[in-house]
Amino acid sequence: GGRYSNGVVVSVLHIILFLLLVLKVRSKVREEEYLFMTTRTDFEFNVSVISTFIVLSDQAKLSARLWLPSSKDGSTTRFPATLEYIPYRKNDGTSYRDSLRHPYLAGHGIAGVRVDIRGSGDSDGILLDEYLPLELSDACEVIAWISRQPWCNGHVGMFGKSWGAFNSLQVA
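Residues numbered from 1 in each chain as written. Predicted model: local features only at pLDDT ≥ 70, side-chain atom pairs only at ≥ 80, totals over all residues. Heavy atoms only, no water.

**Some details on the environment of Asp122**
Step number 1: As for its position among the elements, Asp122 is in the loop between β4 (111–116) and α3 (133–148).
Step number 2: Here Asp122 falls in the partly exposed class, since its relative accessible area comes to 41%.
Step number 3: Along the backbone, Asp122 and Phe53 are 69 residues apart, and their C-alpha atoms lie at a distance of 9.1 Å.
Step number 4: Look past the residues within four positions of Asp122 in its chain and what remains in contact with it is Phe53, Ser63, Lys90, Asn91 and Asp116. (Helix = DSSP H or I, 4+ residues; strand = E, 2+ residues; numbered from the N terminus. Buried < 20%, exposed > 50% of the residue type's maximum accessible area, 1.4 Å probe, protein only. Contact = heavy atoms within 4.5 Å.)

**Here's the deal with the packing of aromatic side chains**
Step number 1: As enumerated under the stated definition, the model contains five aromatic pairs in all.
Step number 2: Taking the centre distance of 5.1 Å and the plane angle of 85° together, the rings of Phe45 and Phe79 count as edge-to-face. With a gap of 34 residues between them, Phe45 in the loop between α1 (6–35) and β1 (46–55) and Phe79 in strand β3 (residues 79–86) connect regions that are remote in the sequence.
Step number 3: Exposure remark for Phe45: the relative accessible area of 16% places this residue in the buried category.
Step number 4: Judged by relative accessible area, Phe79 falls into the buried class, the value being 4%.
Step number 5: By the ring-pair criterion, three or more aromatic residues cluster together here, those being Tyr88, Tyr131, Trp163 and Phe166.
Step number 6: Over the ring of Phe53 we find Lys61; its NZ or CZ atom is 5.5 Å from the centre of that ring. (Phe/Tyr/Trp six-rings, centres within 6.5 Å; stacked < 30°, edge-to-face > 60°. Lys NZ or Arg CZ within 6 Å of the ring centre and 35° of its normal.)

Quick look at the structure:
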């Protein structure tokens with residue numbers, strides 16, 4: 001009786017038990033890996049963090065956080081920059097992840113710029129949908145703004161995963 005034969009139920013149970021075993025083994029390996037992981041804080045460059053707004057041509061303000069490298073000897077140096085341009089609220093949604101990734105890059109001489117897209121986080125506007133032409137043109141304005149900053153050498157790249165990866169490719 002029933003909808004499934006006993007053989008199917010037993011097979012499903014075997015698959016579930018196998019997956020649980022694999023996950024347990026993987027979590028043990030991860031625990032051992034974490035014992036050897038450290039957060040690096042000694043870098044070639046000093047890192048300062050600045051929160052600011054980027055004013056666009058239509059006067060909308062996009063909320064940004066900057067991780068800026070500076071030479072330890074006090075000399076003036078201009079650096080390449082990376083832009084991460086996503087709607088996931090830099091002040092809470094991605095703050096922990098950002099606090100590890102961007103200082104690491106800045107400590108190695110790459111300025112990090114994390115911007116909440118229009119209508120998200122502390123940025124002006126309303127977020128109507130994904131990857132609209134306005135979102136992409138805003139990104140181009142942000143890139144131009146970054147390239148004009150006194151700390152930037154004019155080289156700006158974008159990166160991200162999920163939303164950030166897609167808009168990086170579309171802006172390119």
